Amino acid sequence: MSAIIQGDNVTKVYRVGRVDVPALRGISLKVEKGEFVSIVGPSGSGKSTLFYILGGLTQATSGRVVIDDLEFSKLSDAERTRMRKRRIGFVFQKFNLLPTLDARANIDIAGDIAGVNGSTDPAYFERIVGLLGIGDRLQHRPSELSGGEQQRVALARALINRPAIVLADEPTGNLDSRNSDTVLNMLRQSNQELGQTVLMITHNPEAATIGDRIIHMRDGQIVSPDQDPQWTHH
């Protein structure tokens, strides 16, 4: 298998006033095509910073990031945006649904943004919303949906274009155990049945075990499990 996500000595430094604050300190990793990888670590470990860099939402200070054979640093902003829209599906903890649109329109808008509006396979759409249990909620706006339903709509939006990569940042962070299980099982199913590569950021050790392997982070670095304070008792 070949790596679909690769980072070589990736650093990220934020400037706060006159002080440089390192968020990532030389991260190197490879994620193979079709893998489900969980990234865990305590708050402030750099997990979300790594997520944003690998998703092309922000640039590394130094190092090399290659996504699906494309090196981010060599792409223009427009090229990076185009690649993100067509190859990466994002799932955020805060759902990021448009409040004036109903659930169906919130899912459909992913296709519009990616430039494939009108070409979504109706059978695939029905399959996704059926598996997520939101088929009878498609006419409702986000304010009329529970938190669990909103996250399931957000997950459907991330999957509807069949992206090669799904990046999920704390996708179960605001959910109860039942909705968490639904979201995790759907991520696993999309990985196994559709061959999508899934990279999931989580602080929940139980959720992390659904992945093929677990990467531990602390203080902006990849560490062994025994250096992860929330993992030492697992």
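In short, a report on the structure. (Residues numbered from 1 in each chain as written. Predicted model: local features only at pLDDT ≥ 70, side-chain atom pairs only at ≥ 80, totals over all residues. Heavy atoms only, no water.)

Contact geometry of helix H4 (residues 122-131) with helix H6 (residues 177-194) gives a least axis separation of 11 Å together with a crossing angle of 145°. In this structure, H4 meets H6 at a crossing whose hand is right-handed. Facing Tyr124, Arg127, Ile128 and Leu131 of H4, the residues of H6 in contact are Met186, Gln189, Glu193 and Leu194. The residue makeup of the contact of H4 with H6, split by class, is 5 nonpolar, 1 polar and 2 charged. (Axes fitted to C-alpha atoms, helices over the stretch in contact; angles between N-to-C directions. Helix = DSSP H or I, 4+ residues; strand = E, 2+ residues; numbered from the N terminus. Left-handed = near helix turned anticlockwise from the far one by under 90°. Contact = heavy atoms within 4.5 Å. Nonpolar A, V, L, I, M, F, W, Y, C, P; charged D, E, K, R; others polar.)

Taken together, 6 strands build an open sheet; the order of strands is E6-E7-E8-E3-E9-E10 and the sheet is mixed. For this open sheet the edge positions go to strand E6 (88-91) and strand E10 (221-223), each flanked by a neighbour on one side alone. Each strand of the sheet is rotated relative to its neighbour by a mean of 25°, with strand direction disregarded. Inspection of the sheet shows strand E9 (residues 213-218) paired to E10 by 3 bridges, in the antiparallel sense. (Pairing = 2+ DSSP bridges.)

Once that is clear, we can look at helix H1 (residues 47-54). Within H1, 6 of the 8 residues are buried, which leaves the element mostly enclosed by the surrounding structure. Along H1, the residues classified as buried are Lys47, Thr49, Leu50, Phe51, Ile53 and Leu54. At the C-terminal side of H1, Gly56 shows a positive phi close to 75°. (Buried < 20%, exposed > 50% of the residue type's maximum accessible area, 1.4 Å probe, protein only.)

What follows deals with the pairing of strand E2 (residues 19-32). When strand E1 (residues 3-16) meets E2, the two strands line up antiparallel, connected through 11 bridges. Counted as the bridge partner of Gly7 is Leu29 from E2.

When E1 meets strand E4 (residues 62-67), the two strands line up antiparallel, connected through 5 bridges. Bridge pairing in E4 places Gly7 opposite Val65. Where E4 and strand E5 (residues 70-71) come together, 2 bridges link them in antiparallel fashion. Paired with Val66 across the strands is Glu71, a residue of E5.

This next bit is on a nonpolar patch on the surface. Residues Tyr14, Val16, Val19 and Val21 make up a contiguous nonpolar surface patch of about 330 Å² in total accessible area. At the level of elements, E1 and E2 are the ones that each hand at least two residues to the nonpolar patch. By the element assignment, Tyr14 lies in strand E1. (Patch = residues over 30% accessible without salt bridge, like charges linked within 9 Å, V, L, I, M, F, W, Y side chains within 5 Å. Areas by Shrake-Rupley, 256 points an atom, 1.4 Å probe, with all protein chains shown as cover. Salt bridge = Lys/Arg side-chain N within 4 Å of Asp/Glu carboxyl O.)

Treat this as a map of the structure, not an account of what it does.
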